[in-house]
Amino acid sequence: MRTVMRIACVLLVAAGAGAPGTARAGHDVVRTFDFLGFSADGSRFLLKVTDPDAGDFLSVRTFATGKQEKGIKIEQRKDEKRLIEQARKQYRITDKGTDSQSSPDGRYTIVGVPRGDRFLLNVGKGERDAKWQSVPIESGRSGPAKMTLKAVWWARDGRRLVVVLHKKLTGDNGVDADEARPYEFFPGELTFK
């Protein structure tokens, strides 16, 4: 009987010790963003976040910092449309934005260029281009993350935009996720070459 109890205790301890490590090892962050609009005054923007771990939710973000101001959980898929409409009304999200790498007036184009440990956002104007923004690329054991330009959403005024980048980092605790970066756009400050 003692031998059976010892074996049972050893198995329980081994299972308990192995479970947390197993749960953490190789866990990937997977998250995608769908842009839903700008507020009337341009101070906020709204995203739908799809995350298999945290669940789907709406993210109201401050334009000045890009940080989440309010998260609204989508408990059931049937409630999604209603919650989006409520958030649009409450936060005055009236500008759905324009999904295009080209500015609303068609004069400028945002282009993403990976360069080592940086991801450059350049602006094209006809045959000329200018350096605009530089985003750091994180690295892991497998090397630097692969970053791509997923979408550019312009406000009606053409002065505000949200750039959605997609980052993929393989290995343990990998990342396959979107990130949203708000920017003000003043082409007069750029040097085109």
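Quick summary incoming for the structure in this document. Note that the structure is predicted; figures quoted are calculated from it, not measured.

1. Let's talk about the environment of Phe-45
In step 1: Its location among the elements puts Phe-45 in strand S2 (residues 44-50).
In step 2: Judged by its relative accessible area of 0%, Phe-45 is buried.
In step 3: Distance from Phe-45 to Gln-68, taken between C-alpha atoms, is 9.5 Å for residues 23 residues apart in sequence.

2. Here we look at the packing of aromatic side chains
In step 1: Using the criterion set out here, one finds nine aromatic pairs in the structure.
In step 2: Ring-pair connections join several aromatic residues into one group, and the members of that group are Tyr-108, Trp-132, Trp-154, Tyr-183, Phe-185 and Phe-192.

3. Side note on the side chain of Arg-88
In step 1: Tracing the sequence through the fold places Arg-88 in helix H2 (residues 80-90).
In step 2: Arg-88 sits in the buried class, given a relative accessible area of 17%.
In step 3: Only 3.3 Å separates the side chain of Arg-88 from the side chain of Glu-85, close enough to count as a polar contact.
In step 4: Every residue in contact with Arg-88, bar those within four places of it in the chain, is listed here: Leu-36, Leu-46, Ile-93 and Lys-96.

4. Quick notes on the nonpolar core
In step 1: Ranked by size, the top nonpolar core spans 24 residues in total, and within it Leu-121, Trp-132 and Phe-185 carry the most contacts.
In step 2: Listed by contribution, the elements that provide at least two residues to this core are strand S8 (118-125), strand S9 (128-136), strand S12 (146-154), strand S13 (160-169) and strand S14 (175-184).
In step 3: Core analysis: the second largest hydrophobic core is formed by 14 residues, Phe-33, Leu-47, Val-49 and Val-162 among them.

Cut-offs used in this document
- Residues numbered from 1 in each chain as written.
- Predicted model: local features only at pLDDT ≥ 70, side-chain atom pairs only at ≥ 80, totals over all residues.
- Heavy atoms only, no water.
- Helix = DSSP H or I, 4+ residues; strand = E, 2+ residues; numbered from the N terminus.
- Buried < 20%, exposed > 50% of the residue type's maximum accessible area, 1.4 Å probe, protein only.
- Phe/Tyr/Trp six-rings, centres within 6.5 Å; stacked < 30°, edge-to-face > 60°.
- Polar contact = N/O pair within 3.5 Å; in protein donor to acceptor, adjacent residues only side chain to side chain.
- Contact = heavy atoms within 4.5 Å.
- Core = buried A, V, L, I, M, F, W, Y, C linked by side-chain atoms within 4.5 Å.

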